[in-house]
Amino acid sequence: GLGLSKKKDENFGEWYSEVVVHSEMIEYYNISGCYILRPWTMSIWETMQAFFDAEIKRRKVKNTYFPLFVSPSVLEKEKDHIEGFAPEVAWVTKCGKSELEVPIAIRPTSETIMYPYFSKWIRGHRDLPLKLNQWCNVVRWEFSNPTPFIRSREFLWQEGHTAFATQSEADEEVLEILELYRRIYEEYLAIPVVKGKKSELEKFAGGLYTTSVEAFIPNTGRGVQGATSHCLGQNFAKMFGIEFENEKGGKAMVWQNSWAYSTRTIGVMVMVHGDDRGLVLPPKVAAIQVIVVPVPYKDTNTKEMFEACLTTVDTLTEAGFRVEADLRDNYGPGWKYSHWEMKGVPLRIEIGPRDLEKNQVRLVRRDNSDKVDIPVSNLVERVKDFLDRIQENLFDVAKQKRDASIRVAKTWDEFIEALNQKKMILAPWCDEMEVEEDVKKRTRGETGAAKSLCTPFEQPELPEGTLCFASGKAAKKWTYWGRSY
Ligand SMILES: O=C1CCCN[C@@H]1CCCn1cnc2ccccc2c1=O
């Protein structure tokens, strides 16, 4: 029947699995770690894609499409780039009944697929900057517990790959793209994120430095890397011989970036905003922002009521909202309320006999259940106001909960205490890699070790003499730590 059998605060993992299925976003698939993305998911993905694609096109990034398959010699071009990831690479070893001479890898990311051609296409400084992006799927055959959207063996993403003549151009773009990722989370998904730099241990090993937007799930006390924007330096240029003749006629290697966000964003949204009645969609990404439900009484004139519903749909559609009416006569209003609440539709409009008489409608908010009767004459402006308030409120509530989950820790004991209370920890750190490795060892447990999440660009004051929470050495920076997905 309708309704969730698990509560968010009691059994988060099962609550999450139920919500993504009952809201008709996901269908489980008979291969572990693979999921069917249903239209309710794809419409969210497409809304974010429309925003991001338009923004990168404004920045003269061009979309391209490279093959899914990569040969081993190319994939393993740079040992240290691939070694940590090798176990996750999926291979095609046969077709039909015959073995392939040479196995072929399925792309887990496209650096090694693209960069031989960057080398071929980039000859002179006029070929720069080269800015390409592709919207595609990637495959990483992970073995840690699969979770819809958050950790799947195949996922959709965009991967941007750019090449510049100078480091400063690359540095500038890294942060421009990171700001777009912040906007996706904060302005579309209504999720607060921290912008920062990854540690040497957590960064993309093939790159120079990694920046990221970090989200947090208060219920599980886990951080989640929301999106990444890497400066690759000249590392891949050296590997693949990507050099150009500069204005002075000399040879120089290019400076590169790569950046991505994926369908993981959607899982974070479900986790942050969902409640015990199901999904809660921010209006900006909701496929249906307003659902109109007739509330017929025993002898009501349903014809007049349905007409009022359809007129409401037309008026709001013309005003630019995504609105539908549920006029199915095989379900009652109560069933419809639960159904559309489970699917997270931000605003419901009820039209009953009394509403018809008074030429009004009832608005019901999904986020806080507020309801108000409004005259039909004010319909468009009140619906716009309600949807804007829902979008803001979802962000404000999520930010309040995230901020309440942050603890400052200056000593190891304070750190462990906060970790056990499922907090995101801001701690002064000496920035030594061995110390971070030690923290991982000392916090290893059945729910996973703590790791650094990022060093926020917004650094609080670090008084002279502040000591590292883990090593006792002189602290160099404030860094966020926590368990993570
Ligand atoms: O994040 C991004 C942004 C988009 C382009 N790629 C970079 C870095 C990807 C790092 N990575 C991540 N998993 C992998 C898994 C198998 C093989 C290689 C890799 C791998 O290189």
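Keep in mind that this is a model prediction, so the values were computed, not measured.

**Q** Could you give an account of the nonpolar core, with specific residues and numbers?
**A** It is characteristic of soluble globular proteins that their nonpolar side chains tend to be buried jointly. Ranked by size, the top nonpolar core spans 56 residues in total, and within it Met25, Phe52 and Met269 carry the most contacts. Apart from the residues within four sequence positions on either side, Met269 is in contact with Met25, Ile44, Leu189, Ile191, Gly274, Leu279, Leu281, Pro282 and Val285.

**Q** Can you tell me about a nonpolar patch on the surface, naming the residues and giving the values?
**A** On the surface, a nonpolar cluster with roughly 260 Å² of combined accessible area is contributed by Tyr29, Ile31 and Ile36. Positionally, Tyr29 belongs in the loop between β1 (26-28) and β2 (35-37). The class for Tyr29 is partly exposed, based on a relative accessible area of 44%.

**Q** Can you tell me about the packing of helix α1 (residues 12-22) against helix α8 (residues 264-273), naming the residues and giving the values?
**A** At a minimum axis separation of 11 Å, α1 and α8 run at an interaxial angle of 115 degrees. Between α1 and α8, the angle falls in the class roughly perpendicular. Between α1 and α8 the crossing geometry is right-handed. For the pair α1 and α8, contact is made by Phe12, Trp15, Tyr16, Val19 and Val20 and by Gly267, Val270 and Met271, respectively. Among the residues making up the contact of α1 with α8, the classes are represented as seven nonpolar, one polar and no charged.

**Q** Could you give me a rundown of the packing of aromatic side chains, with the residues and numbers involved?
**A** Using the criterion set out here, one finds 27 aromatic pairs in the structure. When the ring of Phe155 is compared with that of Trp157, the centres are 5.8 Å apart and the planes differ by 85 degrees; the resulting orientation is edge-to-face. The class of Phe155 is buried, set by a relative accessible area of 13%. The class of Trp157 is buried, set by a relative accessible area of 8%. Aromatic ring contacts, followed pair by pair, group Trp45, Phe52, Trp135, Tyr181, Trp259 and Tyr261 into a single cluster. Taking the ring centre of Tyr188 as reference, the NZ or CZ of Lys284 above it sits at 4.9 Å. Taking the ring centre of Phe386 as reference, the NZ or CZ of Arg365 above it sits at 6.0 Å.

Reading the values: rules and limits
Residues numbered from 1 in each chain as written. Predicted model: local features only at pLDDT ≥ 70, side-chain atom pairs only at ≥ 80, totals over all residues. Heavy atoms only, no water. Core = buried A, V, L, I, M, F, W, Y, C linked by side-chain atoms within 4.5 Å. Buried < 20%, exposed > 50% of the residue type's maximum accessible area, 1.4 Å probe, protein only. Contact = heavy atoms within 4.5 Å. Patch = residues over 30% accessible without salt bridge, like charges linked within 9 Å, V, L, I, M, F, W, Y side chains within 5 Å. Areas by Shrake-Rupley, 256 points an atom, 1.4 Å probe, with all protein chains shown as cover. Salt bridge = Lys/Arg side-chain N within 4 Å of Asp/Glu carboxyl O. Helix = DSSP H or I, 4+ residues; strand = E, 2+ residues; numbered from the N terminus. Axes fitted to C-alpha atoms, helices over the stretch in contact; angles between N-to-C directions. Parallel < 35°, antiparallel > 145°, perpendicular 65-115°, else oblique. Left-handed = near helix turned anticlockwise from the far one by under 90°. Nonpolar A, V, L, I, M, F, W, Y, C, P; charged D, E, K, R; others polar. Phe/Tyr/Trp six-rings, centres within 6.5 Å; stacked < 30°, edge-to-face > 60°. Lys NZ or Arg CZ within 6 Å of the ring centre and 35° of its normal.

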